[in-house]
Amino acid sequence: MQQIIRYLFSIILFFSLGSCHAPQKKNTEEITIVTTTNILRSLVEAIAPNEFSVTSIMGAGVDPHGYKASQGDLNKFMQANMIFYQGLYLEGKMISVLEKLNLQIPTREVSGVIPKMLLIKDDDFHEAVDPHVWFSISLWKLCAQYVGDALIEQYPKYTSEIQNNTIAYLAELDELHEWSLAQFSAIPKEQKILISAHDAFSYLGRDYDLSVYSLQGISTLSDFGLKSLKEIGDVIIEKQVPAIFLETSVSDRSILALISGVKRKGYPIKTGGTLYSDSLGPIGSEADNYFSMFRFNVTTISKALKN
Ligand SMILES: [Zn+2]
């Protein structure tokens, strides 16, 4: 009941923001783009013209699966000239807000451009697909192209700058892919097993031939069960997996339970480090943009699994 009241309250709040109490848009020429996640911010920032201001509502370490927009977020959205969100229900608790925003401000779902046949289906939920598309460089290229096209459609005056930025971004992604292939090929085939808390790395696994296991499903909202702890524990021991990974935007609880279970059985499992799954690191950190985040993850995984 309390949840329903809170939901109704947020709807009322949203409509009041949308009408008489809407914060005034900045009285300058500056174009403001707001994204949901900071991974998406990094993409839009790279493609948008220099003078655009691009910000995200979710900062470092924030988990998008259960994120609900605060009043401050709604204010920020209402001041934007354009909004991008990742989609495929990554921001599951914000979909109705984003759809309503689209009635007033151009609001675009970036992953919507990816053909269904290229998405990984979720075995646990009928018709659900894996939203972590940024870990496939080929899919991220489609997202980049889409962002470029959407910006040009909205701001045709900046067409050549946006096109040039998009071309440069796509070329950098190609380089990143070549580099990643080389890093992963140095891991012995039987050790190419990536185990983490939630299922964010299936696209990475598909592209670079890693077997991916996780304790939770594609959303952090589902809890891990004893069954998956046992099954993955058995995989670790049977395949002699050298290391498993923590994630910056997910609680360590499930991975720590897995480690202690495996150690109790006498296998000396260790953590290979903490990966960035659904969020970049803070500005100024080793993973504060898409490329540095991707390189950090690839380096961390390949170093730990090569041993
Ligand atoms: Zn996730």
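Residues numbered from 1 in each chain as written. Predicted model: local features only at pLDDT ≥ 70, side-chain atom pairs only at ≥ 80, totals over all residues. Heavy atoms only, no water.

Visitor: Looking at this structure, how should I read the overall build of the chain?
Guide: Looking only at helices and strands, one finds ten helices and eight strands in the chain. At 20 Å, the chain has a C-alpha radius of gyration in line with the 19 Å of a compact globule built from 307 residues. The principal-axis extent of the C-alpha atoms belonging to the chain is close to 65 × 50 × 35 Å. For the chain, the residues scored as buried account for 50% of the 307 residues in total. Sequence separation of 24 or more characterises 70% of the internal contacts of the chain that already satisfy a separation of 6 or more. If you sum the accessible surface of the chain, you get close to 14600 Å²; carbon and sulfur atoms cover 54% of it. Taking the 27 positively charged and 34 negatively charged side chains of the chain as two groups, their mean positions are separated by 5 Å. (Helix = DSSP H or I, 4+ residues; strand = E, 2+ residues; numbered from the N terminus. Rg over C-alpha atoms; globule rule 2.2 N^0.38 Å. Buried < 20%, exposed > 50% of the residue type's maximum accessible area, 1.4 Å probe, protein only. Contact = heavy atoms within 4.5 Å. Areas by Shrake-Rupley, 256 points an atom, 1.4 Å probe, with all protein chains shown as cover. Lys, Arg positive; Asp, Glu negative; His and termini not counted. Charge placed at Lys NZ, Arg CZ, Asp CG, Glu CD.)

Visitor: How should I be thinking about the coordination of the zinc ion in this particular structure?
Guide: Between any two of four tetrahedral donors, the ideal angle at the metal is 109.5 degrees; between two of six octahedral donors, it is 90 or 180 degrees. Protein coordination of the zinc ion is provided by His65 (NE2), His132 (NE2), His198 (NE2) and Asp278 (OD), with donor distances spanning 1.9 to 2.0 Å. Each of the four donor atoms bound to the zinc ion contributes to angles spanning 94 to 124°, and the resulting shape is tetrahedral. Within one chain, the residues serving as donors to the zinc ion are arranged as H-x66-H-x65-H-x79-D. Of this pair, histidine 65 sits in the loop between strand E2 (53-56) and helix H3 (71-78) while histidine 132 sits in the loop between strand E4 (107-109) and helix H5 (137-154), placing them 67 residues apart in sequence. A relative accessible area of 0% means that histidine 132 is categorised as buried. (Donors = N, O, S within 2.8 Å, 3.2 Å for Na, K, Ca; no water. Tetrahedral: all angles 85-135°; square planar, octahedral: opposite > 155°, others 65-115°.)

Visitor: What is the right way to read the side chain of aspartate 122 from this model?
Guide: Assignment of secondary structure puts aspartate 122 in the loop between E4 and H5. At 11 Å, lysine 121 is the nearest oppositely charged side chain to aspartate 122, a buried residue that forms no salt bridge. For aspartate 122, the residues in contact, after removing those within four places along its chain, are Ala128, Val129 and Ile218. (Salt bridge = Lys/Arg side-chain N within 4 Å of Asp/Glu carboxyl O.)

Visitor: Would you mind going over the packing of aromatic side chains with me for this structure?
Guide: The description of an aromatic ring pair uses the distance of the two centres, along with the angle that the planes make with each other. Under the criterion given, the structure shown has eleven aromatic pairs. Between phenylalanine 135 and phenylalanine 294, the ring centres sit 6.2 Å apart and the planes meet at 45°, which makes this aromatic pair tilted. Taken together, the residues phenylalanine 135 in the loop between E4 and H5 and phenylalanine 294 in helix H10 (residues 290-306) connect sequence positions 159 residues apart. Accessibility assignment for this pair places phenylalanine 135 and phenylalanine 294 in one class, buried. A centroid spacing of 5.7 Å and a plane angle of 40° characterise the contact between tyrosine 290 and phenylalanine 294, whose relative ring orientation is tilted. Here phenylalanine 294 and tyrosine 290 lie together in helix H10, a separation of four residues that amounts to about one turn. Taken individually, tyrosine 290 and phenylalanine 294 each receive the classification buried, so the pair is uniform in this respect. Three or more aromatic residues link up through ring pairs in this structure, and these residues are Trp134, Phe135, Trp140, Tyr169, Phe201, Tyr290, Phe291 and Phe294. In this structure, arginine 295 is placed above the aromatic ring of tryptophan 179, and the distance from its NZ or CZ to the ring centre is 4.7 Å. (Phe/Tyr/Trp six-rings, centres within 6.5 Å; stacked < 30°, edge-to-face > 60°. Lys NZ or Arg CZ within 6 Å of the ring centre and 35° of its normal.)

Visitor: Would you mind showing me how to read the packing of helix H2 (residues 38-47) against helix H6 (residues 159-185) here?
Guide: A pair of packed helices is characterised by two quantities: the angle between their axes and the separation of those axes. Where H2 contacts H6, the two axes come as close as 8 Å, and the packing angle between them is 125°. The angle between H2 and H6 places the two elements in the oblique class. Two secondary-structure elements touch here, H2 through Leu43, Ala46 and Ile47 and H6 through Ile162, Asn165, Thr166 and Tyr169. For the contact of H2 with H6, a count of residues per class yields five nonpolar, two polar and no charged. (Axes fitted to C-alpha atoms, helices over the stretch in contact; angles between N-to-C directions. Parallel < 35°, antiparallel > 145°, perpendicular 65-115°, else oblique. Nonpolar A, V, L, I, M, F, W, Y, C, P; charged D, E, K, R; others polar.)

Fair warning: the whole summary comes from geometry, so function is off the table for now.
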